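Remarks on the overall topology
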Amino acid sequence: MKSFFHILSGFVLCAALSACGGDGDEPAPSTDNIAAEKTEFTVAAEGGSFAFTVTASREWDAVAQSSWLSVDKTGSAGTSGSVTVTVAENTSRDSRTGSILLMSGRARATVTVSQDGRAPIVVDPTIQVPEGYELVWNDEFDNGSTLNTSYWTHQVANPGWVNNELQTYVNGSYDGRRVTEIKDGHLTITAFKAGDRVYSGRVYALENTGWTYGIFEAAIRLPKGKGTWPAFWMMPANNDWGVTPWPMCGEIDIMEEVGYNPDRTSSSIHCDAYNHTKGTQKTAERLTRGSQEDYHIYRLEWTEDYIKTYVDGNLLLSFRNDHKGDIRTWPFNRPFYLILNLAWGGDWGGAQGVDESALPATMDVEYVRVFQKIP
């Protein structure tokens, strides 16, 4: 028989549970609320920004739920304000959807952001696009008489700036004479003498952005004369030279030639482990007959697994990624930009002297094209 104490304890427990509401009662509804004036936005592939207003019952917050979205809030300490959303460029062909989460107390709301995929570039049917790739950038040099400044940047530098070269690089022209010019459907880079100096051109394509991986191709006719040193090559975009100086930063030479050894075109890669200062550079050379008389096609195929160069479709250099994740042997996993230049003299170009009677000397470029794999 239960004791009076046990009966009394059970009565008290039941009364306590009843006072607490029991299992069947619902919590009091929240009075928190938050809303956006518009909850769906569509943005072009190029990206951009837009804004919307927010009203809430108390202080509020907004958080981007996708890495390609960022937000800037105004008035979030009060009950109303605005959110500005910045949308990064979508470089993929596929569209994408992200969201902004709005919060105020226990209230939640979502703003959806849809972004278009990048449209393919309309390609001239005469341009041969490698299978599995698409044209992402090109310059056919068929408009105007000077380089498109949204594409190209001129280097300005005095003699001896690099490789003990003798030329002065100028921003397009010197004393009314052009070092770079577009005419008859091609780009000319000309080295000429004025006074006691030789002036020439060195230009960078999309220096601040560059490309990571792809096929890079140019049709080039090389200059004549001992002392000339034309090149078509690549360096890393936005490199921090204090952190990754040359050669640790990497360099890809698609085509080089020196005038004292005409028609011998070469390709090289340079990095900390493999470079000419150590005598370990990876280089290949071939006889490209008529390279100073006719246009030849110089191509780089660069993937996460290898770097290969070609002359007129024939393999020249092959260098594989060792996949050790070591910047000393493979710094080629970041954007690089394209360079075209005509040097005069220097450590290699002037190794057997220079012949100033060869001046002016001109490097002709019919086109430059960049292809990347279809996403």
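Calculation criteria
- Residues numbered from 1 in each chain as written.
- Predicted model: local features only at pLDDT ≥ 70, side-chain atom pairs only at ≥ 80, totals over all residues.
- Heavy atoms only, no water.
- Helix = DSSP H or I, 4+ residues; strand = E, 2+ residues; numbered from the N terminus.
- Core = buried A, V, L, I, M, F, W, Y, C linked by side-chain atoms within 4.5 Å.
- Buried < 20%, exposed > 50% of the residue type's maximum accessible area, 1.4 Å probe, protein only.
- Pairing = 2+ DSSP bridges.
- Axes fitted to C-alpha atoms, helices over the stretch in contact; angles between N-to-C directions.
- Contact = heavy atoms within 4.5 Å.
- Salt bridge = Lys/Arg side-chain N within 4 Å of Asp/Glu carboxyl O.

**Structural notes on unusual backbone geometry**
In this chain, Trp246 is followed by Pro247 through a cis amide linkage whose omega measures 5 degrees. Tracing the sequence through the fold places Pro247 in the loop between strand S19 (228–236) and strand S20 (251–256). Notably, Phe141 is not glycine yet its phi reads approximately 55 degrees, a positive angle. Along the chain, the position of Phe141 falls in the loop between strand S9 (133–139) and strand S10 (152–154). A positive phi angle, close to 50 degrees, is found at Asn238, a residue other than glycine. Tracing the chain through its elements places Asn238 in the loop between S19 and S20.

**Focus: the nonpolar core**
Residues Ile220, Trp302, Phe332, Leu338 and Leu340 are the most contacted members of the largest nonpolar core, which totals 47 residues. Ranked by size, the runner-up nonpolar core spans 21 residues in total, among them Ala62, Trp68, Val83 and Leu102.

**Let's talk about the sheet that holds strand S2 (residues 40–43)**
The strand order across the open sheet formed by four strands is S2-S8-S7-S4, and the pairing between neighbours is mixed. In this open sheet, the two strands that pair with only one neighbour each are S2 and strand S4 (61–64). Each strand of the sheet is rotated relative to its neighbour by a mean of 20 degrees, with strand direction disregarded.

**What to know about the environment of Val71**
By the secondary structure assignment, Val71 is in strand S5 (residues 69–74). Relative accessible area serves as the criterion here: at 26%, Val71 is assigned to the partly exposed category. For the pair formed by Val71 and Pro247, sequence separation is 176 residues and the distance between their alpha carbons is 39 Å. Leaving out residues up to four positions away in the same chain, Val71 has contacts with Ala62, Ala64, Val83, Thr84, Val85 and Ile100.

**Considerations on the pattern of salt bridges**
The full count for this structure, using the stated rule, is 11 salt bridges. Residue Arg299 is joined to Glu217 by a salt bridge in which the shortest nitrogen-to-oxygen separation is 2.7 Å. One end of the pair, Arg299, is in strand S23 (residues 296–302); the other, Glu217, is in strand S18 (residues 214–221), and 82 residues separate them in sequence. Under the relative-accessibility criterion, Arg299 is labelled partly exposed at 24%. Residue Arg221 pairs with Asp364 through a salt bridge whose shortest N-O separation is 3.2 Å. Of this pair, Arg221 sits in strand S18 while Asp364 is found in strand S27 (residues 361–373), placing the two residues 143 residues apart along the sequence. Judged by its relative accessible area of 25%, Arg221 falls in the partly exposed class. Overall, Asp364 belongs to the buried group, its relative accessible area being 8%. What emerges from the salt-bridge pattern is a single network uniting Arg93, Arg118 and Glu134.

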